[in-house]
Amino acid sequence: MSTLLDVALSPEATPEAIESTPLPQSMRAAVVRADEVEMFAGLDSSEKDPRKSLHIDEVPIPPLGPNEVLIAPMASALNFNTVWTSIFEPLPTFGFLKRFAREGALGARHDLPYHIVGSDAAAVVVRVGPGVTRWKAGDRVTVHCNYVDMEGPEGHDDSMIDTRQRIWGFETNFGGMADLSMVKANQLMPMPTHLNWEEAACLGLTLATSYRMLVSPNAGGMKQGDIVLIWGATGGLGGFAAQLVANGGGIPICVVSSPEKVQLLNSLGIHTVIDRKAEGYQFWNGEEQNPKEWKRFGSRIREFTGGRDIDIVFEHPGRATFGASVFVTRKGGKIVTCASTSGYNHDYDNRYLWMNLKSIIGSHFANYKEAWEANRLVDLGMIHPILTETFALDDVADAAYAMHTNAHTGKLGVLVGATAEGQGVQDAAKRATLQDELDGWKNLQ
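Residues numbered from 1 in each chain as written. Predicted model: local features only at pLDDT ≥ 70, side-chain atom pairs only at ≥ 80, totals over all residues. Heavy atoms only, no water.

Novice: Before we go on, may I ask you to explain the overall build of the protein chain in this structure?
Specialist: Each helix and strand counted, the protein chain has 17 helices and 20 strands in total. For 445 residues, the compact-globule estimate of 2.2 N^0.38 gives 22 Å, and the protein chain sits close to it at 22 Å. By principal-axis analysis of the C-alpha atoms, the protein chain measures approximately 65 × 55 × 40 Å. Put simply, the protein chain has 445 residues, and 58% of those count as buried. The contacts in the protein chain between residues at least 6 apart in sequence include a share of 74% that link residues at least 24 apart. Counting only carbon and sulfur atoms, one obtains 50% of the accessible surface of the protein chain, whose full area is about 17900 Å². Charged side chains of the protein chain number 39 positive and 53 negative; the gap between the two group centres comes to 7 Å. (Helix = DSSP H or I, 4+ residues; strand = E, 2+ residues; numbered from the N terminus. Rg over C-alpha atoms; globule rule 2.2 N^0.38 Å. Buried < 20%, exposed > 50% of the residue type's maximum accessible area, 1.4 Å probe, protein only. Contact = heavy atoms within 4.5 Å. Areas by Shrake-Rupley, 256 points an atom, 1.4 Å probe, with all protein chains shown as cover. Lys, Arg positive; Asp, Glu negative; His and termini not counted. Charge placed at Lys NZ, Arg CZ, Asp CG, Glu CD.)

Pasting the structure below:
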């Protein structure tokens, strides 16, 4: 593997030289194992420990098919779907892989007794399959996780509607936490030239998700002057949302959980911030919701907005906040929801929804165009990574445990092919002009 990377990363290497360099017979990969899916049976979610289920194994390299690309991830990043995979919730991902296998021989490659995880990567291309014309060996790329072949008609307005759309590394095998990964050619985007490997790797899933939820006409359709409520505004999703709203001429109302996070957002030019812990909001009393707290929260928001209500809610916590989100949204406004990290069963008072013509919009990752546009904003220096800590591949289970127990902020990176942090920058001069902003968004911990 080291020989292949030496050639692939050489500035003088040609695509032909890279493709003539032999591939290794096997590779390191972060996996869960099919024979361990019952290991947490009977335990509450909080008791399930990814450190017991995520392994670094030596496995065969992925086979390459038409319109596919073999990449060498230099870095990857943690997302909640890797945590869910590692604790086999809400169900083991091996069911996704078996379903994929029923589609034919190409799908059957994914049905293995192990599942390679990871839905983010910054990588170098080492092989291209038949039919690939836009990419070549040696290209430095970031990867988005919308895995779709576009064979059916449903997805041609929006590939996220395609009936065979999947999330790479979650509903497919051969994810980004491996020495070599297999992706569709239409998952690749140019790596922003001023970023290092781990910074570029932490962009794909959460940034593109936030872009679709807020900016795209497929979901939020935010316009200048819109007031946007952002839960968890220093997290992996929320931190990108705060940047997108501020850059897009909106007014971000950011909810965080400490005075340090308030101060940090203030230092980055965002002054409409609510510290939910300091203000003691209790939206639930046991199993009952507390509408008085919704009203108190709404009054606090109006102090920032001159009496106006929320146009768009960026909703990803789910059960803990959903009732309040519906309540504080203006008449005709939108609650755009994904993830539900505090629980999937959402309770809200439907009178506030139907009588005020509000909309709940489900949003799931992003199509290629949306992901490409979000990545372009990074390359322009308008959006910055939110990388707060980087782990070695051997320590990925510790990273998953930190995310599972919410002992993290921002994005957690994982070095794969890179041997140290800070490698991979292609344009040092450009980076120097953006260093202060890059450092500011790295200080979310």
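Novice: Got a minute to help me understand helix H15 (residues 368-379) in this structure?
Specialist: Given 3.6 residues to a turn, an α-helix orients residues that are three or four positions apart in the same direction. In this model, H15 (twelve residues) spans 16 Å end to end at C-alpha, consistent with the 16 Å of a helix rising 1.5 Å per residue. What H15 keeps buried is the set Glu-370, Ala-371, Glu-373, Ala-374, Asn-375, Leu-377 and Val-378. One side-chain oxygen of the residue at the start of H15 lies 3.2 Å from the amide nitrogen of Lys-369, identifying that residue as Asn-367. Phi for Gly-381, located one or two positions after H15, is positive at around 80°. (Expected span 1.5 Å × (residues − 1). Polar contact = N/O pair within 3.5 Å; in protein donor to acceptor, adjacent residues only side chain to side chain.)

Novice: What is the right way to read the environment of Ala-233 from this model?
Specialist: Along the chain, the position of Ala-233 falls in the loop between strand S11 (227-231) and helix H9 (236-247). When the C-alpha positions of Ala-233 and Ala-402 are compared, they lie 18 Å apart, and in sequence the two are 169 residues distant. Each residue touching Ala-233, except ones within four places of it in the same chain, is listed here: Gly-238, Gly-239, Ala-242, Cys-254, Val-255, Val-256 and Leu-265.

Novice: Could you clarify how one ought to interpret the pairing of strand S16 (residues 310-315) in this entry?
Specialist: Side-chain direction in a regular strand flips from residue to residue, so the side chains alternate between the two faces of the sheet. Burial within S16 is extensive, with six of its six residues counted as buried. Pairing between S11 and S16: three bridges, direction parallel. In the strand pairing of S16, Val-228 is matched with Ile-312. Here S16 pairs with strand S17 (residues 329-337) via five bridges, running parallel. What sits directly across from Glu-315, in S17, is Thr-337. (Pairing = 2+ DSSP bridges.)

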